[in-house]
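Fold and contact review
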Amino acid sequence: NPITLSVVLTSLALGTIFTVSSSHWLLAWMGLEINTLAIIPIMTQHKHPRAIEASTKYFLTQAAASALLLFSSLNNAWLTGEWSIMDLTNPLSCATMTIAICMKLGLAPFHFWLPEVLQGISLTTGLILSTWQKLAPMAILYQITPMLNTPLLLTLGLMSTLVGGWGGLNQTQLRKIMAFSSIAHLGWMVSILPFSPQLMILNLTIYLIMTSTMFLTLKTISSTKISSLATSWSKTPTTTALSLLTLLSLGGLPPLSGFVPKWFILQELTNQNTTILATTLALSALLSLFFYLRLTYI
């Protein structure tokens, strides 16, 4: 129904706008809830058991993360008397808020829902889940950056890049590969966030462009598995070549645009005397690059 679809898409847009533009925790929480409830009908529009399972997993995870976010803001308001997003001063509230947002984003070790959910939904819905749904939680993270626990963020970022690399190695489903790619990229963003929020915005922008391109390309050539990607070269050579370039850009190969944020992030981490973290991140990028290259060879 076009009216139903327009209401759902409007709610999806409004939920993110609410969260991004609010300075009060209750409004931010409300925006995230609207966002979650709006995408459920989109996920279940194809009446298939996998889609229903994926939407149930997504709803339960997001509901738990929202409850933890509300608990963090309530705890902070109880102790400080402030509901402003910029006044998150209680250390316990900071830690629980970080965990809640990482659950919403799908960062390791709270990543288990993301590959399963992406595998159970269509490519178009997967595009929304991998791009638009990341904006609101990243906006909250960006706003509360000065109050966050830096060692916790760096640990989560490092774990995410390693899990994103290792997890994608053994996959044959393209949607699961894109899910692990998303986990790895979010790990890079979270790792640089305490030191340079502007670099996180740059990385997020390029990630959104590249992921959108990849999902739309896969939708155009109707590929959901590696085997179907292998046969698309004879049918649509130009589109397939574009998908290969996009994959290499996601992997961070120079001179493609995906290399720029990784280069800047490694440079900034080295300047901040976190050379070991920068080295580990660079090595974890090799894991991701391996399965991207495997797809391009196919």
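Relevant structure appears above.
Residues numbered from 1 in each chain as written. Predicted model: local features only at pLDDT ≥ 70, side-chain atom pairs only at ≥ 80, totals over all residues. Heavy atoms only, no water.

1. Quick word on the overall build of the protein chain
The test is simple: Secondary structure follows DSSP: runs of H or I at least 4 residues long count as helices, runs of E at least 2 residues long count as strands, and numbering of each begins at the N terminus. Atoms counted for the radius of gyration: C-alpha only. Globule rule: 2.2 Å times residue count to the power 0.38. Relative accessibility decides the category of a residue: with a 1.4 Å probe and only protein chains considered, values under 20% of the type maximum give buried, values over 50% give exposed, and everything between is partly exposed. Contact definition: two residues touch when any of their heavy atoms are within 4.5 Å. Residues counted as positive are Lys and Arg, residues counted as negative are Asp and Glu, and His and the chain ends are not counted. To locate a charge, the coordinates of NZ of Lys, CZ of Arg, CG of Asp or CD of Glu are taken.
Helices and strands together make up the secondary structure of the protein chain, namely 14 helices and zero strands. Order of helices (α) and strands (β) in the protein chain, N terminus to C terminus: α-α-α-α-α-α-α-α-α-α-α-α-α-α. Relative to its length of 298 residues, the protein chain is compact, with a C-alpha radius of gyration of 19 Å against a globular reference of 19 Å. Taken along the three principal axes of its C-alpha coordinates, the protein chain extends 65 × 55 × 25 Å. By residue count, 54% of the 298 residues in the protein chain fall in the buried class. A separation of at least 24 residues holds for 73% of the contacts in the protein chain among residues at least 6 apart in sequence. Within the protein chain, the 6 negative side-chain charges are centred at a point lying 22 Å from the centre of the 12 positive side-chain charges.

2. Side note on the packing of helix 10 (residues 197–220) against helix 13 (residues 259–271)
Condition: Inter-axis angles, ranging from 0 to 180 degrees, are taken between N-to-C directions of lines fitted to C-alpha atoms, where helices are fitted over the stretch in contact. An angle below 35 degrees is read as roughly parallel, one above 145 as roughly antiparallel, one from 65 to 115 as roughly perpendicular, and any other as oblique. Crossings are sorted by hand: turned counterclockwise from the far helix by less than a right angle, the near helix makes the crossing left-handed, and turned clockwise it makes it right-handed.
Relative to each other, helix 10 and helix 13 sit at 160°, their axes nearing to 9 Å. As summarised for this structure, helix 10 and helix 13 are arranged roughly antiparallel, according to the angle between their axes. For the pair helix 10 and helix 13, the sense of crossing is left-handed. Every residue of helix 13 that contacts helix 10 at Leu-199, Leu-202, Asn-203 and Ile-206 is listed here: Val-260, Pro-261, Phe-264, Ile-265 and Glu-268.

3. Considerations on the pattern of salt bridges
Heads up, the condition is: Take a side-chain nitrogen of Lys or Arg and a carboxyl oxygen of Asp or Glu: if they are within 4 Å of each other, that pair is a salt bridge.
In the structure shown here, the tally under the stated rule is four salt bridges. Ionic pairing is found between Glu-53 and Arg-50, a salt bridge with its closest N-O pair at 3.9 Å. Of this pair, Glu-53 and Arg-50 both sit in helix 3 (residues 49–80), three residues apart, roughly one helical turn. Given the relative accessible area of 33%, Arg-50 is considered partly exposed. As a salt-bridge pair, Lys-57 and Glu-53 come within 2.9 Å of each other at their nearest N and O atoms. One end of the pair is Lys-57 and the other is Glu-53, both in helix 3 and four residues apart, which spans about a single turn. Overall, the relative accessible area of 31% leaves Lys-57 in the partly exposed class. Connected through salt bridges with shared partners, the residues Arg-50, Glu-53, Lys-57, Glu-116 and Lys-176 form a single ionic network.

4. A few points about the side chain of Lys-104
Stated formally: In protein, a polar contact requires one atom able to donate a hydrogen and another able to accept it; more generally it is a pair of N or O atoms within 3.5 Å, and residues adjacent in sequence count only if both atoms are side-chain atoms.
Within the secondary structure layout, Lys-104 lies in helix 4 (residues 91–105). The charged side chain of Lys-104 is buried without a salt bridge, its nearest counter-charge being Glu-33 at 5.0 Å. Within the local environment of Lys-104, its side chain forms a polar contact with the side chain of Ser-66, the two groups lying 3.1 Å apart. Once residues lying within four places of it in the same chain are set aside, the contact partners of Lys-104 are Leu-32, Thr-36, Gln-62, Ala-65, Ser-66, Trp-113 and Pro-137.

5. Observations concerning helix 7 (residues 132–143)
Burial of helix 7 is extensive: nine of the 12 residues sit out of reach of the surface. Those residues of helix 7 not exposed but buried are Gln-133, Lys-134, Ala-136, Pro-137, Met-138, Ala-139, Ile-140, Leu-141 and Gln-143.

6. Some words on the nonpolar core
Inclusion rule: Think of a nonpolar core as a cluster: buried Ala, Val, Leu, Ile, Met, Phe, Trp, Tyr and Cys residues, connected wherever their side-chain atoms sit within 4.5 Å.
Core analysis: the biggest nonpolar cluster contains 40 residues, and Trp-25, Leu-69, Ile-101, Met-138, Ile-140, Leu-141 and Ile-144 have the highest contact counts within it. Looking at this core, the elements with two or more residues in it are helix 2 (25–43), helix 4, helix 7, helix 8 (150–169), helix 9 (174–192), helix 10, helix 13 and helix 14 (275–297). Counting residues per element, this core draws most heavily on helix 4, which supplies six residues. Contacts of Leu-141, omitting those with residues within four sequence positions, involve Ile-101, Leu-105, Leu-148, Val-190 and Leu-193. Within the second largest apolar cluster, 37 residues are counted, among which are Ile-121, Leu-127, Phe-215 and Leu-250.

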